[in-house]
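Listed below are the residues making up each chain.
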Amino acid sequence: MSDDKKPSSTPTENTQHLILTGDRPTGPLHLGHFVGSLRNRVLYQHQYQQYIMIADAQALTDNMDDPAKVHNNVLEVALDYLAVGIDPCKSTIFIQSQIPELTELTYYYMNLVTVARLERNPTIKQEIVLRNFERDIPAGFFTYPVSQAADITAFKATLVPVGDDQIPMIEQTNEIVRRFNRLVKQDILLECEALVPEIGRLPGIDGKAKMSKSLGNSINLGASAAEIKAAVKNVYTDPLHLRVEDPGHLEGNVAFIYLDAFDQDKISLQDMKDHYVRGGLGDSKVKQRLEAVLQDMLTPIRERRQEYEKDRAQVLQMLKIGTERAREIAAKTTDEVKAALGLKHF
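Residues numbered from 1 in each chain as written. Predicted model: local features only at pLDDT ≥ 70, side-chain atom pairs only at ≥ 80, totals over all residues. Heavy atoms only, no water.

A.B. asks: Would you take a moment to explain the overall build of the protein for this structure?
C.D. replies: When helices and strands are counted, the protein shows 14 helices and five strands. In terms of C-alpha radius of gyration, the protein reaches 22 Å, essentially the compact-globule figure of 20 Å for 346 residues. The proportion of buried residues among the 346 residues of the protein is 53%. Contacts spanning at least 24 positions in sequence make up 78% of the contacts within the protein whose residues lie at least 6 apart. In the structure as shown, the protein presents an accessible area of about 16800 Å², 52% of it carried by carbon and sulfur atoms. With 41 positive and 48 negative side-chain charges, the protein shows a separation of 2 Å between the mean positions of the two kinds. (Helix = DSSP H or I, 4+ residues; strand = E, 2+ residues; numbered from the N terminus. Rg over C-alpha atoms; globule rule 2.2 N^0.38 Å. Buried < 20%, exposed > 50% of the residue type's maximum accessible area, 1.4 Å probe, protein only. Contact = heavy atoms within 4.5 Å. Areas by Shrake-Rupley, 256 points an atom, 1.4 Å probe, with all protein chains shown as cover. Lys, Arg positive; Asp, Glu negative; His and termini not counted. Charge placed at Lys NZ, Arg CZ, Asp CG, Glu CD.)

Structure, rendered in structure tokens:
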């Protein structure tokens, strides 16, 4: 990795709001991550103090049968971060499992939450159904709203970027904050606010559910030109648009959803939409435009990732320094929590 490519280890301090965000390292990051969070983080790092967590401990809550998958993807996620333009000079990137204070806070907070309340959390209920857990729910997964509250409050984050489906998690965090502060009669922990992106999630290329690593319907940020071409070829459009001259439909048409998310030429795109709706425009033309847009956007990301990948040791060092800095902050909050609970004996 050349000197101008090496990530710096000294983040700048931003004022006002503090952001905590992150990803579970269970596979490569994809376009869904990019539109829902990554490109916003690049903007936020110039406006706020930002902590970005690689949530490997949380990933184990439903991947304990394959911990190697989680371990192996920590560095891959970090490479994706750097490739899209997240700057360690402006954002602190850290590894969750290397900060034991987060686990300690989780343990204390569990006494502030009932099982009944966790069962009512809409996000947890939805995820349990999605993963077919039924009653065989790992306890770590079931209590992950508490763990998330520990992550957020450890850094006293005031803004947490989430999709609208995650808003109940933020509400539960704030419930824990209020209950703790009332208990100790001090305002030690801070409430936070959900920061919901304009485009919260993308459907998969198959048009079903959301874009997901586990469903195999994603386009990875590091995809090769050939992989992008093949994926676009399989993008779901309008099943009723059987002939070029037929009027097409935009609703549920993944090709146009992606173009809305990534095509910067909105005037020309609107002309294409109008043409498609009135008929006379084939899906192949739409996909040609989509492929061109994605190739232009992903090629520099892929090339930067390849450059950073040449010196993985340097990227790991960046993570080590970021984690050490994050741990200092988390330890300070943990000390305050323990003191308020009467757990500081020496």
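A.B. asks: Help me out: how do you make sense of unusual backbone geometry in this one?
C.D. replies: The bulk of non-glycine residues show a negative phi, and the bulk of peptide bonds are trans. Its identity is not glycine, yet Lys-156 carries a phi of approximately 50°, on the positive side. Mapped onto the fold, Lys-156 is located in the loop between α8 (144–154) and β4 (159–161). Taking relative accessible area as the criterion, Lys-156 reaches 25% and is therefore assigned partly exposed. One non-glycine residue, Lys-185, lies in the positive phi region at around 60°. Within the fold, Lys-185 resides in the loop between α9 (167–184) and β5 (193–195).

A.B. asks: I tried to follow the pairing of strand β3 (residues 91–95) on my own but got confused; where do I start?
C.D. replies: One face of the sheet, then the other: side chains in a regular strand alternate in exactly this way. Here β3 lies mainly inside the structure; five of its five residues are buried. Burial along β3 is two-sided: the residues Ser-91, Ile-93 and Ile-95 and Thr-92 and Phe-94 are all buried. Inspection of the sheet shows strand β2 (residues 49–54) paired to β3 by five bridges, in the parallel sense. Bridge pairing links Ile-52 to Ile-93 in β3. (Pairing = 2+ DSSP bridges.)

A.B. asks: Where do I start with the side chain of Thr-106 in this structure?
C.D. replies: Along the chain, Thr-106 turns up in helix α4 (residues 100–109). Owing to a relative accessible area of 9%, Thr-106 belongs among the buried residues under this scheme. In this structure Thr-106 touches Val-146, Ser-147 and Ala-150, once residues within four positions along its chain are discounted.

A.B. asks: It is not clear to me how the pattern of salt bridges should be interpreted in this structure. Could you clarify?
C.D. replies: Close approach of charged atoms allows side chains with opposite charge to pair. Summed over all chains, the structure comprises 22 salt bridges. For Glu-307, the salt bridge goes to Lys-310, with nearest N and O atoms at 2.8 Å. On the accessibility criterion, Lys-310 (60% relative accessible area) is exposed. (Salt bridge = Lys/Arg side-chain N within 4 Å of Asp/Glu carboxyl O.)

A.B. asks: Would you take a moment to explain the environment of Lys-338 for this structure?
C.D. replies: Structurally, Lys-338 is set in helix α14 (residues 312–340). For the pair Lys-338 and Glu-291, spaced 47 residues apart in sequence, the C-alpha separation works out to 54 Å. Residues within four places of Lys-338 in sequence aside, it is in contact with Glu-104, Tyr-108, Leu-343 and Lys-344. A distance of 3.2 Å separates the side chain of Lys-338 from the side chain of Glu-104, its partner in a polar contact. (Polar contact = N/O pair within 3.5 Å; in protein donor to acceptor, adjacent residues only side chain to side chain.)

A.B. asks: Would you mind going over a nonpolar patch on the surface with me for this structure?
C.D. replies: There is a patch of nonpolar side chains on the surface, built from Leu-183, Leu-341 and Leu-343 and spanning about 230 Å² of accessible area. Relative to the helices and strands, Leu-183 resides in helix α9. Relative accessible area serves as the criterion here: at 51%, Leu-183 is assigned to the exposed category. (Patch = residues over 30% accessible without salt bridge, like charges linked within 9 Å, V, L, I, M, F, W, Y side chains within 5 Å.)

Purely spatial values, then, with no claim about function.
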